Amino acid sequence: MRKSIIAFLALLVTATIWADDYKILKMNTPSIKIGKHICKSGDVFSDQDKILWSADKQAIKVQNLKTKEIRLFVGNDFFTKKSTSIKDYYVKTNHLSTRGNMMTLDEFAEQLPDTLYLWDDITMELPFAPEDSSFFFIEYKDKNGSDRKSMLETTDDSITVSRQSFGADEDRDEIAVSFHFHDGLYGEDSVLKDTVRIIMIPDIQ
């Protein structure tokens, strides 16, 4: 009995050591229940706390207080992956940081998700710094069915998809896009991923 109690206490201590805290930076509802508390912008919670989403497009932007990483989490994404907490979500999505690892363009393309949730900006780390004449772009059909191309903002280590990437189409609920890379050295375009769903997240839910 004594050994069981000691083992249980050790497990609790280990869980506490490995727990990360998150601060809510922004949300599109007045509040959200996380764990036993009704949370608002500025509140802090543990990655082990259960998040009780009330709608598919309910969203919170949070910052990991240990790593300073900022992430957007959306109700529908948690529902789809049957996740209850941030820790559970990361386990089920095998979330790993790739910064500092050597990756090929093909490996980067494989990591592009099938669905992206766009609230303000989506920034994705790149495996390499593109040449000055190289760039990333997306293709999609506008609301009239015409083909559109939009160059993505690119830095040495990331690309950014924003609402401005879609011009007059930014008010649509969902847009199917394909990601491409233009190699300026060889003057060639390559498809990174054929279809990615961009789901627009409203400011007020």
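Here the structure is shown first, and the text comes after it.
Please read these numbers as outputs of a predicted model, since none were measured by experiment.

Caption draft 1: Structural view of the overall build of the protein. When helices and strands are tallied, the protein shows four helices and 15 strands. Taken over 205 residues, the protein has a buried fraction of 37%. Residue pairs at least 24 apart in sequence account for 58% of intrachain contacts in the protein once pairs closer than 6 positions are excluded. For the protein, the accessible surface area stands at approximately 12,500 Å², while carbon and sulfur atoms represent 52% of it.

Caption draft 2: Seen up close, the packing of aromatic side chains. Tallied over the full model, the rule gives 12 aromatic pairs. Ring geometry for Phe 135 against Phe 137: centres 6.0 Å apart, planes inclined by 50 degrees, an arrangement best described as tilted. Residue Phe 137 is classed as buried on the basis of its relative accessible area of 5%. Taken together, the ring pairs in this structure connect Trp 53, Phe 73, Phe 78, Tyr 89 and Tyr 90 into an aromatic cluster.

Caption draft 3: The arrangement of the pattern of salt bridges in detail. Inspection of the entire model under this criterion finds 12 salt bridges. The closest approach of N and O atoms between Asp 147 and Lys 141, which form a salt bridge, is 2.7 Å. Salt bridges sharing common partners tie together Lys 26, Lys 61 and Asp 120.

Caption draft 4: Representation of unusual backbone geometry within the structure. Residues other than glycine seldom take positive phi values, yet Lys 68 does so here, at roughly 70 degrees. The phi dihedral of Lys 82 is positive, around 55 degrees, even though this residue is not glycine. Following the sequence through the fold, Lys 82 ends up in the loop between α2 (75-80) and α3 (86-93).

Caption draft 5: Focus on the sheet that holds strand β6 (residues 59-64). The antiparallel open sheet is built from four strands, whose spatial order is β4-β1-β6-β7. Bordering the open sheet on either side are β4 (44-46) and β7 (70-74), each of which pairs with just one other strand. Looking at each pair of strands side by side, their axes are set apart by 40 degrees on average, direction ignored. Where strand β1 (residues 21-27) and β6 come together, five bridges link them in antiparallel fashion. Each bridged residue has a counterpart across the sheet, and for Lys 23 the counterpart in β6 is Gln 63. Relative to β7, α3 is tilted by about 90 degrees, and along the sheet it contacts β1, β4, β6 and β7.

Conventions adopted
- Residues numbered from 1 in each chain as written.
- Predicted model: local features only at pLDDT ≥ 70, side-chain atom pairs only at ≥ 80, totals over all residues.
- Heavy atoms only, no water.
- Helix = DSSP H or I, 4+ residues; strand = E, 2+ residues; numbered from the N terminus.
- Buried < 20%, exposed > 50% of the residue type's maximum accessible area, 1.4 Å probe, protein only.
- Contact = heavy atoms within 4.5 Å.
- Areas by Shrake-Rupley, 256 points an atom, 1.4 Å probe, with all protein chains shown as cover.
- Phe/Tyr/Trp six-rings, centres within 6.5 Å; stacked < 30°, edge-to-face > 60°.
- Salt bridge = Lys/Arg side-chain N within 4 Å of Asp/Glu carboxyl O.
- Pairing = 2+ DSSP bridges.
- Axes fitted to C-alpha atoms, helices over the stretch in contact; angles between N-to-C directions.

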